[in-house]
Amino acid sequence: MAVGVTGHPDQEPVLDFAFREAALRHAGLRAVHAWTHPVATAPGEMQPLVYDVDGVGAEEARLLAESIAGRRENFPDVTLTERVVREHPAKALIDASAETDLVVIGAHTGMSAWLGLGATAHAVLHHARAPVIVVRH
């Protein structure tokens, strides 16, 4: 199994679902976090023109580790693999779908629910090579 990890606090239901499902299936779980460039931490914050790719990658790996912290203890039977990649999240999850039997992704229930799924969820649903479960959060 694979789960897309954004690092946002509102994603807790997605991660909880993925870990519970992996435990029920006696399956390993790959937590996939993708990034493309530094993210603004405050509204109006300017993005750097030049940045340290390794430094940003290390920060993204820390974000993934923090997002799944505590779940190893709650689900000790789930073998967890962390994967941080520098590419679009949709591509990372579509690639992961070729190596797994199920992909779990999240979709917001706010305004995007009126408009349909976000771009990443839409792309994964249309191009994944394994079944996809969308967890609204």
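Above this note sits the structure.
Let us look at the structure shown here. All of these numbers come straight from a predicted model, not from anything done at the bench.

Criteria and cut-off values
Residues numbered from 1 in each chain as written. Predicted model: local features only at pLDDT ≥ 70, side-chain atom pairs only at ≥ 80, totals over all residues. Heavy atoms only, no water. Core = buried A, V, L, I, M, F, W, Y, C linked by side-chain atoms within 4.5 Å. Buried < 20%, exposed > 50% of the residue type's maximum accessible area, 1.4 Å probe, protein only. Helix = DSSP H or I, 4+ residues; strand = E, 2+ residues; numbered from the N terminus. Contact = heavy atoms within 4.5 Å. Expected span 1.5 Å × (residues − 1). Arc of directions from axis to C-beta. Pairing = 2+ DSSP bridges. Right-handed = clockwise from strand over helix to strand, strands pointing away. Salt bridge = Lys/Arg side-chain N within 4 Å of Asp/Glu carboxyl O.

### Side note on the nonpolar core
- Met 1, Val 3, Phe 19, Leu 29, Ala 31 and Val 104 are the most contacted members of the largest nonpolar core, which totals 19 residues.
- Elements with a contribution of two residues or more to this core: α1 (12-25), β2 (29-35) and α2 (53-68).
- Counting residues per element, this core draws most heavily on α1, which supplies 5 residues.
- Residues contacting Val 3, with those up to four places away along its chain left out, are Val 14, Leu 15, Ala 18, Leu 29, Arg 30, Ala 31, Val 32, Leu 93 and Val 104.
- Membership of the second largest hydrophobic core comes to 14 residues, among which are Ala 34, Ala 96, Val 103 and Ile 105.

### A closer look at the environment of Arg 25
- Within the element layout of this structure, Arg 25 appears in helix α1.
- Taking the relative accessible area as the measure of exposure, Arg 25 reaches 39% and is therefore partly exposed.
- Sequence separation between Arg 25 and Met 1 is 24 residues, and the spatial gap between their C-alpha atoms is 9.4 Å.
- Ignoring any residue separated from it by four or fewer positions in sequence, one finds Arg 25 in contact with Met 1, Asp 101 and Leu 102.

### Comments concerning α1
- An ideal rise of 1.5 Å per residue puts 20 Å on 14 residues; α1 measures up with 20 Å between its terminal C-alpha atoms.
- Taken residue by residue, α1 has Val 14, Leu 15, Ala 18, Phe 19, Glu 21 and Ala 22 as its buried positions. Projected down its long axis, α1 shows its buried positions confined to an angular sector of 165 degrees, all on one face.
- Note on α1: the residue one or two positions beyond its end, His 26, has a positive phi of about 55 degrees.

### A few points about the pairing of β2
- Here β2 lies mainly inside the structure; 7 of its 7 residues are buried.
- Neither face of β2 is left uncovered, since the one carrying Leu 29, Ala 31, His 33 and Trp 35 and the one carrying Arg 30, Val 32 and Ala 34 both have all their residues buried.
- As judged from the 3 bridges shared by strand β1 (residues 2-4) and β2, these two strands associate in the parallel manner. Counterpart to Ala 2 in the pairing with β2 is Arg 30.
- As a crossover connection, the stretch from β1 through α1 into β2 is right-handed.
- Where β2 meets strand β3 (residues 80-86), 7 bridges bridge the pair, whose relative direction is parallel. Its bridge partner lying in β3, Ala 31 is registered against Glu 82.

### Points about the pattern of salt bridges
- Scanning all chains against the criterion turns up 9 salt bridges.
- Here Glu 21 makes a salt bridge to Arg 25, at a shortest N to O gap of 2.8 Å. You can see Glu 21 and its partner Arg 25 sitting in helix α1, 4 residues apart, about one turn around the helix.
- The class of Glu 21 is buried, set by a relative accessible area of 17%.
- The residue Asp 95 makes a salt bridge to Lys 91 at a minimum N-O spacing of 2.7 Å. Separated by 4 residues within a single helix, Asp 95 and Lys 91 lie in helix α4 (residues 89-97), roughly one turn from each other.
- One salt-bridge network, held together by shared partners, links Glu 12, Asp 16 and Arg 71.

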